[in-house]
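# Inside the fold
What follows is the residue order along each chain.
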Amino acid sequence: MTEKQLTNAGDADAEGVTPREQAALRFGKRLCYEWPDLNQSDYEDLLRVFTEQEMIEVVTLCAWQFGGPNMLTSWGAEGYKREGKVVLEALPVRLAYADAAKSEAPRPPIPYPPMLSIPDLINCAMQRRSPPPGWLKFLSPHPFLPSTWGALYEAVVEGGIVENRIKQLQRVLLAEYVQCPEWAPEASTSLTGAGIGSRERAALRSLNLTMFSPRERAALRYTEGLVGTGQVSDAAFDDLKAEFTESEIVELGYAVSVQNGASRVFRSLLGTKWVEPR
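What you are looking at is a predicted structure, and each value in this text was computed from that prediction instead of being measured.

## Topic: the overall build of the chain
What the chain contains, in helices and strands, is 14 helices and two strands. Residues classed as buried in the chain amount to 47% of the 278 residues present. Of the contacts formed within the chain by residues at least 6 apart in sequence, a portion of 64% connects residues at least 24 apart. Only carbon and sulfur atoms are counted for the fraction: they give 53% of the accessible area of the chain, which is about 14100 Å².

## So, helix α3 (residues 40–47)
Looking at α3, one finds that the buried residues are Asp42, Tyr43 and Leu46. Along the axis of α3, the buried positions cluster into a sector of 95°, meaning they face one direction only.

## So, the side chain of Arg215
Mapping Arg215 onto the fold places it in helix α12 (residues 214–227). Looking at Arg215, its side chain comes within polar contact range of the side chain of Glu248, at 3.1 Å. For Arg215, the residues in contact, after removing those within four places along its chain, are Glu163, Ile166, Glu243, Phe244 and Glu248.

## Examining the environment of Glu243
One can find Glu243 in helix α13 (residues 234–243). For Glu243, a relative accessible area of 32% puts it in the partly exposed group. Glu243 sits 26 residues away from Arg217 along the chain, and the two C-alpha atoms are 9.8 Å apart. In this view, Glu243 contacts Pro214, Arg215, Ala218 and Glu248; residues no more than four positions away in its chain are not counted.

Calculation rules
- Residues numbered from 1 in each chain as written.
- Predicted model: local features only at pLDDT ≥ 70, side-chain atom pairs only at ≥ 80, totals over all residues.
- Heavy atoms only, no water.
- Helix = DSSP H or I, 4+ residues; strand = E, 2+ residues; numbered from the N terminus.
- Buried < 20%, exposed > 50% of the residue type's maximum accessible area, 1.4 Å probe, protein only.
- Contact = heavy atoms within 4.5 Å.
- Areas by Shrake-Rupley, 256 points an atom, 1.4 Å probe, with all protein chains shown as cover.
- Arc of directions from axis to C-beta.
- Polar contact = N/O pair within 3.5 Å; in protein donor to acceptor, adjacent residues only side chain to side chain.

Structure follows, in structure tokens:
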């Protein structure tokens, strides 16, 4: 597609775009630029040209693309390009395949996430209230998205190498920013188990980070940049590098990215036929 077609995608008079492409791109633009106004009609528009499983796939892809690129640019990737290609060894965060990329050796295979049982995922989510069970139920008609999305969430939000309290603080900050407390409800055992209560939530809501440790503040400022403007300042990233290893920074970025778009989509689904009312 040309740049003009992409710019006009979703418009009623867009040329050279199929109805399915137009519907998918229109939803993507709505999520990027008008996410607070998303509502049931946006999903019904998709269902006019997609099956339910296809609609879920389009929505989930848009949700991931909402957050993923912000994480990559926070690493300064755009500033390390030479003739349109990123200079891998110059990146402030190394990629898993960086060494293999220097040779002609085949790239190491990227392992598929574990295929977790959808009922087990939903039962675990209901017990922890993390992630919202309603989100997994929305994904559940798709044959593998609940399992793969859920596996990534388990790996980088509930599990991982960074202490869980920091990832749960990220989760609350994100929920407060998108005005969707249902994404990180106070009764969530993941929050209470990490010692996060009303005092911490109030501080995050006002972005008053003084009560948190230097390590927590660095992670939260990074999260604020990814969730808010989508840009992380050099100073904020330097503070992050002073407190976290490269592997930990990657995990923190993924923990935000897997939730950033999904939480906004989930917010728009509350009270619709897909997710129970607030």
